[in-house]
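Next come the chains, spelled out residue by residue.
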Amino acid sequence: MSLRFSPAAERDLEAIADYIAQDNPGRALSFIAELRQTAADIEDNPLAWPERSDLLPGLRMRPFGRYLVFYRPDQNGVRIERIFHASRDVGGGNV
């Protein structure tokens, strides 16, 4: 099994880190580490979180604080597709 991040998810991580770093650079680093650990935890039990096939076939979503981690399990492991703030409108094909 492997854990992979889509290019869009990597950009999401960078944007989140940049935003937090404006006020607290140290917290930005630790928060991204926590998000990456959450992604690793998803790999251990990928079917534990709700399906969001209404957004994309096979998509699942795990909350993390004020963020939502969207991912798809497959035969090779888990691919993190996007990471959004929970206040963001994810409907209409934004994932």
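Now for a look at the structure at hand. (Residues numbered from 1 in each chain as written. Predicted model: local features only at pLDDT ≥ 70, side-chain atom pairs only at ≥ 80, totals over all residues. Heavy atoms only, no water.)

A closer look at the overall build of the chain
Then step 1. Within the chain one finds 2 helices and 4 strands.
Then step 2. Listed N to C, the secondary structure of the chain is β-α-α-β-β-β in terms of helices and strands.
Then step 3. Considered along the principal axes of its C-alpha atoms, the chain spans approximately 40 × 30 × 20 Å.
Then step 4. The proportion of buried residues among the 95 residues of the chain is 38%.
Then step 5. For the chain, restricting intrachain contacts to residue pairs at least 6 apart in sequence, the fraction spanning at least 24 positions comes to 42%.
Then step 6. Summing over all exposed atoms, the chain offers an accessible surface of approximately 5,500 Å²; the carbon and sulfur share of this is 50%.
Then step 7. Each charge class in the chain can be summarised by its mean position, and for the 12 positive and 14 negative side chains these summaries are 2 Å apart. (Helix = DSSP H or I, 4+ residues; strand = E, 2+ residues; numbered from the N terminus. Buried < 20%, exposed > 50% of the residue type's maximum accessible area, 1.4 Å probe, protein only. Contact = heavy atoms within 4.5 Å. Areas by Shrake-Rupley, 256 points an atom, 1.4 Å probe, with all protein chains shown as cover. Lys, Arg positive; Asp, Glu negative; His and termini not counted. Charge placed at Lys NZ, Arg CZ, Asp CG, Glu CD.)

Comments concerning the nonpolar core
Then step 1. By size, the foremost hydrophobic cluster in this structure holds 19 residues, and its most contacted members are F5, I16, F31, L35, V69, I80 and I83.
Then step 2. Of all the secondary structure elements, the ones that give two or more residues to this core are α1 (7–21), α2 (25–44), β3 (67–74) and β4 (77–85).
Then step 3. In this structure, L55, M61, F84 and V90 belong to the second largest nonpolar core, which totals 7 residues. (Core = buried A, V, L, I, M, F, W, Y, C linked by side-chain atoms within 4.5 Å.)

Looking at the environment of H85
Then step 1. With respect to the secondary-structure elements, H85 resides in strand β4.
Then step 2. When sequence neighbours within four positions are dropped, the list of residues in contact with H85 reads R66 and Y67.
Then step 3. At a separation of 2.9 Å, a polar atom in the side chain of H85 contacts the side chain of S87. (Polar contact = N/O pair within 3.5 Å; in protein donor to acceptor, adjacent residues only side chain to side chain.)

Here we look at the pattern of salt bridges
Then step 1. Going through the model one piece at a time under the given rule, you end up with 8 salt bridges.
Then step 2. Between D12 and R82 there is a salt bridge, and its shortest N-O distance comes to 2.7 Å. Of the two residues, D12 is situated in helix α1 and R82 in strand β4; the sequence distance between them amounts to 70 residues. Each member of the pair, D12 as well as R82, carries the same accessibility label: buried. (Salt bridge = Lys/Arg side-chain N within 4 Å of Asp/Glu carboxyl O.)

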